[in-house]
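The chain contents come next:
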Amino acid sequence: QVQLVESGGGLVQAGGSLRLSCAVSGRTFSNYVMGWFLQAPGKEREFVAAITGSSVSTYYADSVKGRFTISRDNAKDTVYLQMNSLQPEDTAVYYCASKRLYAVSYSDPKSYIYWGQGAQVTVSS
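Okay, so let's go over this structure. In this text, all values refer to a predicted model and were calculated from it rather than measured experimentally.

### With respect to the nonpolar core
Counting 35 residues, the largest nonpolar core has Trp36, Val48, Leu81, Met83 and Tyr94 as the members making the most contacts within it. Contributions of two or more residues to this core are made by β3 (18-25), β4 (34-39), β5 (46-51), β7 (68-73), β8 (78-83), β9 (92-99) and β11 (119-124). Here this core gets five residues from one element, more than from any other, and that element is β5.

This is the structure:
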């Protein structure tokens, strides 16, 4: 059984930082692309960032480039999202996800087969 467990969400003031973690079990972690998505109230789930299994390539939404960094530690089966210069518009539930092996798109939620439970990030102004 594949499980993704997120941690690290919380409340932060505008301009602050948070780091999300996502621990994966039940799947050979290093074989798969990992992604982060966000979902604000009343909106669809949106792509944030993705990282290939070997960490050679990373992909970001334009809205977070230069502020967020995705990384992974294959020895710990964990993916991270470092979020800096947070703004109130970043407020959302953040989800980590494990990509389907042969799905083409890194940014389409349908490309991901396993999902974490979500971590609330709230940025106050």
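### A closer look at unusual backbone geometry
Look at Ser55: it is not a glycine, yet its phi comes out positive at around 70°. Inspection of the secondary structure puts Ser55 in the loop between β5 and β6 (58-60). Positive phi is not limited to glycine here, since Ser85 has a value of about 50°. Structurally, Ser85 is set in the loop between β8 and β9.

### Comments concerning the sheet that holds β3
Ordered in space as β1-β3-β8-β7, the four strands form an open sheet in which the pairing is antiparallel. Each edge of the open sheet carries a strand with a single partner, namely β1 (3-7) and β7. With direction set aside, neighbouring strand axes in the sheet form an average angle of 15°. Where β7 meets β8, six bridges bridge the pair, whose relative direction is antiparallel.

Thresholds, definitions, all that
Residues numbered from 1 in each chain as written. Predicted model: local features only at pLDDT ≥ 70, side-chain atom pairs only at ≥ 80, totals over all residues. Heavy atoms only, no water. Core = buried A, V, L, I, M, F, W, Y, C linked by side-chain atoms within 4.5 Å. Buried < 20%, exposed > 50% of the residue type's maximum accessible area, 1.4 Å probe, protein only. Helix = DSSP H or I, 4+ residues; strand = E, 2+ residues; numbered from the N terminus. Pairing = 2+ DSSP bridges. Axes fitted to C-alpha atoms, helices over the stretch in contact; angles between N-to-C directions.

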